[in-house]
Amino acid sequence: MTWQPCCPIESTMSEKIDFNDTGAEFRRGMRRSIPVVIAAAPFGLLYGTLAVGNGLTVGETVLMSATIYAGASQMVGIELFGQNIAPWMLVMSIFAVNFRHVLYSAVSGRATRHWSRLKRYLAFFFLVDPQFAEAERRVAEGRPVTLAWYMGLALPIYLFWVAEALVGALFGQLIPNPEALGFDFLLPIYFLGLVMEFRDRPLWLPVVAVSATVSIAAYYTVGSPWHVSIGAVAGIALAAFWPSQGAARELEERQA
Amino acid sequence: MSTTVWIILAGALVTYLTRIGGDLVLSRFERIHPRVEAALNAVPAAVLTTLVAPVATTGGVAEAASLVVAGVMYLRGGGLMTGFVAGAVVLVALRNLVG
């Protein structure tokens, strides 16, 4: 099956690039990982520090980063380990925080239909927020998401994340006041940038406005982590049910 | 193995299921309805927004200012890195100055 971009924007330069050159694609992916690694590093270290502080062993701390590999849910997990909560509740909470990945998987699955199923399901282990967002950025650029590019992006992010858990667990107690360094708030700043990256998409502003409003309302009423799923569903539903002059109509016409 | 390790592994399993689940369901359909297509196109902005908006309301002046500065830089086309660094500098500066 040939690869088709979801949102054809001008595909600059893509004629000159050889997407079959695995090494070059891998390196292009690695270059894209640099800002992600920087933005996530303080968070990875903070996680390692807090996990040990909440009573996890160094081994358990690293295991969690290596197997769950999802920052927000790891934070929720270690928070709950400290309290006396039933194991199944803990697993459910991790599931709730990570439920958004179902949507990532559906979207990235579309962009990687040209991979074999096995490759896709191995690669999607690495489908964290920035991995998904960067892959969608590449789709928006009119370039194919090749496996080499995807793994070039994924592996540095993953390896640094696991290493940071270890470093944070071993040496995190040495940092007297991590908040002063802004450790806890760098990811929201980075995520805001990713939101902006998609501003050329149809219905971007209404989707962002609705998701922001609903997620804030849900945060203060239903509580965390449900505000993520509730806010996201609200924005997505808006796009799905937008009246005829919107994106749905455009796409209907294109398919007709 | 300790209970903690089992919980971590179960958490890893459910997380992995979320990462393949969407594609497992969607890849069963030959054609995707335009409304589903429109919904999927909205996923990045919708989900990423929920990771920013609520925490923006819980922070103080430093947090709000950092988001505003980063947002303006992002919009002016400075690129992802420029906006991020600008926001981070404002955050750390204000946290240490204003406290």
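Bear in mind the structure is a predicted one, so any value in this text is a computation, not a measurement. (Residues numbered from 1 in each chain as written. Chains lettered and ligands numbered in written order. Predicted model: local features only at pLDDT ≥ 70, side-chain atom pairs only at ≥ 80, totals over all residues. Heavy atoms only, no water.)

A. Quick peek at the overall build of chain A. Across its full length, chain A carries 12 helices and zero strands. Written out in order from the N terminus, the α and β elements of chain A read α-α-α-α-α-α-α-α-α-α-α-α. Looking at chain A as a whole, 57% of its 256 residues are labelled buried. A total accessible area of about 11,300 Å² is found for chain A, and carbon and sulfur atoms account for 67% of it. (Helix = DSSP H or I, 4+ residues; strand = E, 2+ residues; numbered from the N terminus. Buried < 20%, exposed > 50% of the residue type's maximum accessible area, 1.4 Å probe, protein only. Areas by Shrake-Rupley, 256 points an atom, 1.4 Å probe, with all protein chains shown as cover.)

B. A look at the packing of aromatic side chains. Applying the stated rule across the entire model yields 14 aromatic pairs over all chains. Judged by centre distance (4.1 Å) and plane angle (10 degrees), the rings of Tyr104(A) and Phe132(A) are stacked. Residue Tyr104(A) is found in helix α5 (residues 101-111), and its partner Phe132(A) is found in helix α7 (residues 129-140); the two are separated by 28 residues along the sequence. No difference in accessibility class separates Tyr104(A) from Phe132(A), as the two residues are buried. When the centroid spacing of 6.1 Å and the interplanar angle of 85 degrees are considered together, the rings of Tyr190(A) and Phe84(B) count as edge-to-face. Within this pair, whereas Tyr190(A) is found in helix α9 (residues 186-197), its partner Phe84(B) is found in helix α6 (residues 79-97), the two belonging to separate chains. When sorted by exposure, Tyr190(A) lands in the same class as Phe84(B), which is buried. Three or more aromatic residues joined by ring pairs make a cluster, and in this case those are Tyr69(A), Phe125(A), Phe126(A) and Tyr158(A). Above the face of the Tyr121(A) ring, Arg120(A) is positioned so that its terminal group lies 6.0 Å from the ring centre. (Phe/Tyr/Trp six-rings, centres within 6.5 Å; stacked < 30°, edge-to-face > 60°. Lys NZ or Arg CZ within 6 Å of the ring centre and 35° of its normal.)

C. The arrangement of the domain arrangement of chain A in detail. All names here are of chain A. The domain architecture assigned to chain A consists of domain 1 (22-199) and domain 2 (201-256). Computed from C-alpha atoms alone, the centre-to-centre distance between domain 1 and domain 2 is 24 Å. At the interface, 11 residues of domain 1 touch eight residues of domain 2. Around 880 Å² of area is buried between domain 1 and domain 2 when both sides are counted, 68% of it from carbon and sulfur atoms. The largest contributions to the domain 1 side of the interface with domain 2 come from Ala96, Phe198 and Arg199, which together make up 42% of the buried area. Viewed at the interface, domain 2 and domain 1 are joined by one salt bridge. Note that Glu136 is salt-bridged to Arg201, the shortest N-O span being 2.8 Å. The interface formed by domain 1 and domain 2 includes three residue pairs in polar contact (both at pLDDT 80 or more). (Domains from an automatic or database assignment. Contact = heavy atoms within 4.5 Å. Buried area = accessible area lost by both parts, 1.4 Å probe. Salt bridge = Lys/Arg side-chain N within 4 Å of Asp/Glu carboxyl O. Polar contact = N/O pair within 3.5 Å; in protein donor to acceptor, adjacent residues only side chain to side chain.)

D. Structural detail: the packing of helix α4 (residues 87-98) of chain A against helix α1 (residues 3-26) of chain B. Contact geometry for α4(A) and α1(B): axes closest at 9 Å, N-to-C directions at 30 degrees. Regarding the angle of α4(A) to α1(B), the classification is roughly parallel. Judged by the twist between their axes, the crossing of α4(A) over α1(B) is right-handed. For the pair α4(A) and α1(B), the contacting residues are Pro87(A), Leu90(A), Val91(A), Ile94(A), Phe95(A) and Asn98(A) in the first and Thr3(B), Ile7(B), Ala10(B), Gly11(B), Val14(B), Thr15(B) and Thr18(B) in the second. Residues that form the contact of α4(A) with α1(B) fall into these classes: eight nonpolar, five polar and no charged. (Axes fitted to C-alpha atoms, helices over the stretch in contact; angles between N-to-C directions. Parallel < 35°, antiparallel > 145°, perpendicular 65-115°, else oblique. Left-handed = near helix turned anticlockwise from the far one by under 90°. Nonpolar A, V, L, I, M, F, W, Y, C, P; charged D, E, K, R; others polar.)

E. Fine view of the nonpolar core. Counting residues in hydrophobic clusters, the biggest one holds 94 residues, and the most contacted among them are Tyr150(A), Tyr190(A) and Leu48(B). In terms of residue count, helix α8 (residues 147-171) of chain A provides more of this core than any other element does, 10 residues in total. Lining this core are residues from two domains, each supplying at least three of them: domain 1 (22-199) and domain 2 (201-256) of chain A. When residues no more than four places from it in sequence are discounted, the contact partners of Tyr150(A) are Trp115(A), Ala123(A), Phe124(A), Phe126(A), Leu127(A), Gln131(A) and Val145(A). (Core = buried A, V, L, I, M, F, W, Y, C linked by side-chain atoms within 4.5 Å.)

F. Representation of the side chain of Asn41(B) within the structure. Relative to the assigned elements, Asn41(B) resides in helix α2 (residues 34-41). Within the structure, the side chain of Asn41(B) is placed 3.3 Å from the side chain of Arg110(A), a separation counted as a polar contact.

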